[in-house]
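Below are the chains, spelled out letter by letter.
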Amino acid sequence: QVQLVESGGGLVQSGGSLRLSCVASVSLFSFNTMAWYRQAPGKQRELVAEITAGGNTNYANSVKDRFTISRDIAKKTAYLQMNSLKPEDTAVYYCYARNIARTSYWGRGTQVTVSS
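Parameters and conventions
Residues numbered from 1 in each chain as written. Predicted model: local features only at pLDDT ≥ 70, side-chain atom pairs only at ≥ 80, totals over all residues. Heavy atoms only, no water. Disulfide = S-S within 2.5 Å. Helix = DSSP H or I, 4+ residues; strand = E, 2+ residues; numbered from the N terminus. Buried < 20%, exposed > 50% of the residue type's maximum accessible area, 1.4 Å probe, protein only. Phe/Tyr/Trp six-rings, centres within 6.5 Å; stacked < 30°, edge-to-face > 60°. Lys NZ or Arg CZ within 6 Å of the ring centre and 35° of its normal. Salt bridge = Lys/Arg side-chain N within 4 Å of Asp/Glu carboxyl O.

By definition, a disulfide is the covalent link that joins the sulfur atoms of two cysteine residues. All told, the structure shown has one disulfide when counted by the stated rule. Put simply, C22 and C95 are joined by a disulfide, and their sulfur atoms are 2.0 Å apart. With the S-S bond torsion at -80 degrees, the cross-link from C22 to C95 turns out left-handed. With a gap of 73 residues between them, C22 in strand 3 (residues 18-24) and C95 in strand 9 (residues 91-99) connect regions that are remote in the sequence. No difference in accessibility class separates C22 from C95, as the two residues are buried.

Before going further, it helps to spend a moment on the packing of aromatic side chains. Scanning the model with the defined rule gives five aromatic pairs in all. With a centroid separation of 6.2 Å and an interplanar angle of 55 degrees, the aromatic rings of F31 and Y105 are classed as tilted. Here Y105 lies in strand 10 (residues 104-106) and F31 lies in strand 4 (residues 31-39), a separation of 74 residues in the sequence. For Y105, a relative accessible area of 22% corresponds to the partly exposed category. Through a chain of ring-to-ring contacts, the aromatic side chains of Y37, Y94, Y96 and W106 assemble into a single cluster. Sitting over the ring of Y94, R45 keeps its end group 3.7 Å from the ring centre. Positioned above the aromatic ring of W106 is the side chain of R45, whose terminal nitrogen or guanidinium carbon lies 4.6 Å from the ring centre.

Now for the pattern of salt bridges. One pass over the full model with this rule turns up three salt bridges. The partner of R38 in a salt bridge is D89, and the shortest N-O contact between them spans 3.0 Å. With R38 in strand 4 and D89 in the loop between strand 8 (77-82) and strand 9, the pair connects residues that are 51 residues apart, well separated along the chain. One exposure class covers both R38 and D89, and it is buried. Measuring nitrogen to oxygen at the nearest pair gives 2.8 Å for the salt bridge that ties R66 to D89. Within this pair, whereas R66 is found in the loop between strand 6 (57-59) and strand 7 (67-72), its partner D89 is found in the loop between strand 8 and strand 9, the two being separated by 23 residues in sequence. Here R66 and D89 have matching classes, each one buried. What emerges from the salt-bridge pattern is a single network uniting R38, E46, R66 and D89.

Now the structure itself:
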């Protein structure tokens, strides 16, 4: 059973930083893609950042140059470093992973709240 567990969310002032972590129950080599999504109240879930098995990354335009996705294979952990946070970044952030069979897995989410 694959599990993804997020942590690192919280309340931060505008302009501040947070680092989210996503610990997987299996080796990250099991996945060909890992990503962070977010969902704000009343809005659809949206892709924030993704990283492929080859290390290629992709970001939503709204977070480019502020957020960085990375992973530590040994720790079975993916990260999302978030800098220069804005109130519009407030959302529940979800960790996502997909394996080569195209089976998707989701974490339960971690709340990020940015005050103005």
